[in-house]
Amino acid sequence: MTHVETLTAAATETRAPTAPLTERVRAVEAVYTPPGTHWVGDGFRVAGYFSVIPEAARRLSPFLLLDYHPTWHYAATTRRRGVGVHPHRGFETVTLAWQGSVAHHDSAGGGGVIGPGDVQWMTAASGILHKEYHDEAFSRAGGPFQMAQLWVNLPRAHKMAAPKYQALRAAEMGLVTLADGAGTVRVVAGAYEGVRGPAETFTPINVYDVRLNAGGALPLRFEAAHTAAVLVMSGSVTVNGTHTAKGNDLVVFKNEGDAITLVADAEAQLLVLNGAPIDEPIVQYGPFVMNTAAEIRQAIVDFNSDRFGTLDD
Ligand code: MN
């Protein structure tokens, strides 16, 4: 396809009215057990799920990366733990905190500290420099730390938009209390049962932070054409009555049917991801994700020419 045709297809996809939902079960495609953890800088001990999923960035579009930091106890220190100044262009980084707190500063003036229940939704778009590290007060005290980072792709039309930073506080999240004491759904982006989350997104995306009590059921309905995946952060769930997923497993669903039911076998914490795929070429070079190799070369030139702004380490 030419670029023009691709762009038209993507625009149609994201503007199409919601397809009527059926009650057809959306089957499990695969349950991925957690890949080994690796360190990002010296502050983030994460499992990188996209490294174990074939063609992950295409298969799970618009998501480009999911790094999950399972609960890990950090000793007290006066040293700054994390990652120093680095660039991003062409997408968004979304950081969710459950335990501990993360500080961030970027060259566009965005920054702050997020704590349990908060989310930082950073649109790198045309390019930023930023640094990400444990909040100083948390580091001095030490303690358990649990977070995740998602990378969300941007469509071509917005890859070179101005950078933006959304600090989404726990109290702002949409909150749905499930029937029968099943648990709660905190809506970060998109909507659940008509309750909206605070994140402004460029394409249709749902991100839910879910707690289920033992025996609690979570019904989900997403358009079949859209990507759907659930990270089980703790506990254990039965999916559609057919599969079991336990702590740190990632469930990826087929693009058939629309109804998903998760039942907690034991108290569970889930991260639900859903979004309209972006039907455009993906060319990635480390922290740059564009549509063409020429755009990647330009990103490198711009970075080396200090066009991403400045930020002190
Ligand atoms: Mn980063």
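Just so it is clear, the model here is predicted, and its values are computed rather than measured.

Caption draft 1: Geometry of the overall build of the protein. Scanning the protein from terminus to terminus reveals four helices and 24 strands. Taken over the C-alpha trace, the protein has a radius of gyration of 19 Å; the compact-globule value for 313 residues is 20 Å, and the two agree within 12%. By principal-axis analysis of the C-alpha atoms, the protein measures approximately 55 × 55 × 35 Å. Counting the 313 residues in the protein, one finds 53% classified as buried. The contacts in the protein between residues at least 6 apart in sequence include a share of 73% that link residues at least 24 apart. When the accessible area of the protein is evaluated, it comes to approximately 13,100 Å², of which 54% is carbon and sulfur surface. Charged side chains in the protein number 24 positive and 31 negative. The centres of these two groups are separated by 3 Å.

Caption draft 2: Examining the sheet that holds strand S9 (residues 119-123) more closely. A sheet is described by the order of its strands in space; here seven strands give the open sequence S2-S3-S4-S11-S6-S9-S12, paired in antiparallel fashion. Strands at the two margins of the open sheet, each flanked by one partner only, are strand S2 (37-40) and strand S12 (164-168). Across the sheet, the mean angle separating the axes of adjacent strands is 25 degrees when strand polarity is ignored. The sheet contact formed by strand S6 (residues 91-99) and S9 spans five bridges and is antiparallel. Bridged to Thr-93 within S9 is Met-122.

Caption draft 3: Summary view of the confidence of the model for the protein. In the predicted model, the protein carries a mean pLDDT of 93, and 93% of its residues have values of at least 70. Every residue in residues 1-17 is under pLDDT 50, and counting partners more than four places away or in other chains gives 17 contacts.

Caption draft 4: Structural context of the environment of Gly-215. As for its placement among the helices and strands, Gly-215 is situated in the loop between strand S17 (205-212) and strand S18 (217-221). Separated by 35 residues in the primary sequence, Gly-215 and Asp-180 place their C-alpha atoms 9.8 Å from one another. If sequence neighbours within four positions are ignored, Gly-215 has contacts with Val-263 and Ala-264.

Caption draft 5: Inspection of the pattern of salt bridges at higher detail. Inspection of every chain in the model, using the stated rule, returns 11 salt bridges. Glu-136 is the partner of Arg-140 in a salt bridge, and the nearest nitrogen-oxygen pair spans 3.1 Å. Of the two residues, Arg-140 and Glu-136 are both situated in helix H3 (residues 136-141); the distance of four residues between them amounts to about one turn of the helix. Within the structure, one salt-bridge network assembled from shared partners comprises Arg-89, Asp-302 and Arg-307.

Caption draft 6: Examining the nonpolar core more closely. By size, the foremost hydrophobic cluster in this structure holds 33 residues, and its most contacted members are Leu-66, Leu-96, Trp-121, Val-207, Leu-250 and Leu-271. Val-28, Ala-182, Tyr-192 and Phe-253 belong to the second-largest nonpolar core, a separate cluster that totals 27 residues.

Caption draft 7: Quick look at unusual backbone geometry. Here the residue pair Ser-61 and Pro-62 is connected by a cis peptide bond, since its omega of 15 degrees sits within 30 degrees of zero. Looking at the secondary structure, you find Pro-62 in the loop between helix H2 (56-59) and strand S4 (63-74). Although it is not a glycine, Asp-180 sits at a positive phi angle of roughly 60 degrees. For Asp-180, the location among the structural elements is in the loop between strand S13 (174-177) and strand S14 (183-189). Asp-180 gets classed as exposed once you look at its relative accessible area, which sits at 81%. A positive phi angle, near 75 degrees, is found at Asn-248, a position not held by glycine. With respect to the element layout, Asn-248 can be found in the loop between strand S20 (243-246) and strand S21 (250-253). For Asn-248, a relative accessible area of 21% translates into the label partly exposed.

Caption draft 8: How the structure looks around the coordination of the manganese ion. Taken together, the protein donors to the manganese ion comprise His-86 (NE2), His-88 (NE2), His-130 (NE2) and Glu-132 (OE), at separations of 2.1 to 2.3 Å. On the primary sequence, the residues serving as donors to the manganese ion are separated as H-x1-H-x41-H-x1-E. Of the two residues, His-86 and His-88, neither departs from the other in class, the shared state being buried.

Definitions and cut-offs
Residues numbered from 1 in each chain as written. Predicted model: local features only at pLDDT ≥ 70, side-chain atom pairs only at ≥ 80, totals over all residues. Heavy atoms only, no water. Helix = DSSP H or I, 4+ residues; strand = E, 2+ residues; numbered from the N terminus. Rg over C-alpha atoms; globule rule 2.2 N^0.38 Å. Buried < 20%, exposed > 50% of the residue type's maximum accessible area, 1.4 Å probe, protein only. Contact = heavy atoms within 4.5 Å. Areas by Shrake-Rupley, 256 points an atom, 1.4 Å probe, with all protein chains shown as cover. Lys, Arg positive; Asp, Glu negative; His and termini not counted. Charge placed at Lys NZ, Arg CZ, Asp CG, Glu CD. Pairing = 2+ DSSP bridges. Axes fitted to C-alpha atoms, helices over the stretch in contact; angles between N-to-C directions. pLDDT = per-residue confidence, 0-100. Salt bridge = Lys/Arg side-chain N within 4 Å of Asp/Glu carboxyl O. Core = buried A, V, L, I, M, F, W, Y, C linked by side-chain atoms within 4.5 Å. Donors = N, O, S within 2.8 Å, 3.2 Å for Na, K, Ca; no water.

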